[in-house]
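A closer look at the structure
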Amino acid sequence: MEEFEAQRLSEMAENKEAKQEFYVKAQKYWSEVPPTVNGMLGGLGYINAVDVQGSTSFLRELKIKDMNKKYALDCGAGIGRVTKNLLMPLFEKVDLVEQDPTFAEKAREYCTTDMGSTLGYPKRLGEIYNVGLQEFIPTPGKYDVVWSQWVLGHLTDEDLLKFFKRIKIGLTDGGLFVMKENVTSSNKTDIDDTDSSVTRPLSEYEKFLKEAGYRIIKMTKQKNLPKGLYPVCMIACRPLAQTN
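Each chain has its residues counted from 1, following the order in which its sequence is written. Note on the predicted model: pLDDT of at least 70 is required for a residue's local features to be given, and 80 or more for side-chain atom pairs to be given and counted; whole-chain, interface and lining totals, by contrast, use all residues. Hydrogens are left out, water is left out, and the side-chain values use all remaining heavy atoms of the structure.

Relative to the elements of secondary structure, Ala-236 occurs in strand β9 (residues 232-239). For each residue, the accessible area found with a 1.4 Å probe, counting protein chains only, is set against the maximum for its type, and the residue is called buried under 20%, exposed over 50%, and partly exposed in between. A relative accessible area of 0% places Ala-236 in the buried class. As for Ala-236 and Arg-215, which are separated by 21 residues in sequence, their C-alpha atoms are 8.7 Å apart. Residue contacts are defined here by distance: any two heavy atoms, one from each residue, within 4.5 Å place the two residues in contact. The contacts of Ala-236, once residues within four sequence positions are left out, are Phe-58, Leu-62, Phe-177, Val-178, Arg-215, Ile-216, Ile-217 and Lys-218. By the criteria applied, helices consist of DSSP H or I runs no shorter than four residues and strands consist of E runs no shorter than two, each listed in order from the N terminus.

Pasting the structure below:
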């Protein structure tokens, strides 16, 4: 099985048709997912609070309160779950990147509407870029924090490396790139044909970040997730040229 999956990953890297099919199948999968928090979390909507709490604690440990907090970017934002619950309370403006048009439109509503006891920050929603991460080009030097969560498995290795490099250009001086992703416990990459994604080992992400010119400044695992799920790792990094 491992040899078969390795062969398929190699085909995606070398065969344009295989790579295109990888992206098209993912788009089709997500086009059939309901634009709700439960949909974004694969039917595990109840982990939303735990997830946001873990992310908030991670940013706090990075001393986010001492940073310039003008602009943040949410990559693979879906309906804006992370934008609304994590980033909008902290930043003056939050931009989103989401390729599914239904999710992108729902994000505009979700992020600007108060729900129940949640006050919300409707005026803090910035631009919504309706494009895949493999094609997204950020505005140079704009973002204090770029947050990417549960989406990098939808990029091929080649496009992942290119994405990391482009995001580096989009950061302010002193800006942070933070990724939060499932990782395999083994040293192998798993392929999921259901949603057309890959789950990489932590070592692979570390390798690509280093190759793209980042240094990791903090890394931790998300706590209190249900048993049976992949481990979820949060990694914060800065371009190597920055010494702060």
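That covers the picture; the talk isn't over yet.
Of all twelve residues in strand β5 (residues 171-182), ten are buried, a share of seventy percent or more. Two strands qualify as a pair provided DSSP detects at least 2 bridges between them. Of the strand pairs in this sheet, strand β4 (residues 143-149) and β5 are connected by six bridges, and their pairing is parallel. In the strand pairing of β5, Trp-147 is matched with Val-178. Think of it like this: strands point away, you trace from the first strand over the helix to the second, and a clockwise trace means the crossover is right-handed. Remark: the β4/helix α7 (residues 157-170)/β5 crossover connection has right-handed handedness.

A few words now on the pattern of salt bridges. We define a salt bridge as a contact between a side-chain nitrogen of Lys or Arg and a carboxyl oxygen of Asp or Glu at a distance within 4 Å. Per the counting criterion, the structure on display carries twelve salt bridges. The salt bridge involving Asp-51 is made with Arg-81; its shortest N-O contact spans 2.7 Å. Within this pair, whereas Asp-51 is found in helix α4 (residues 48-61), its partner Arg-81 is found in helix α5 (residues 81-87), the two being separated by 30 residues in sequence. The same class applies to Asp-51 and to Arg-81, which are both buried. Between Glu-109 and Lys-106 there is a salt bridge, with its nearest N and O atoms 3.5 Å apart. Pair noted here: Glu-109 and Lys-106 are both in helix α6 (residues 101-110), with a separation of three residues, about one helical turn.

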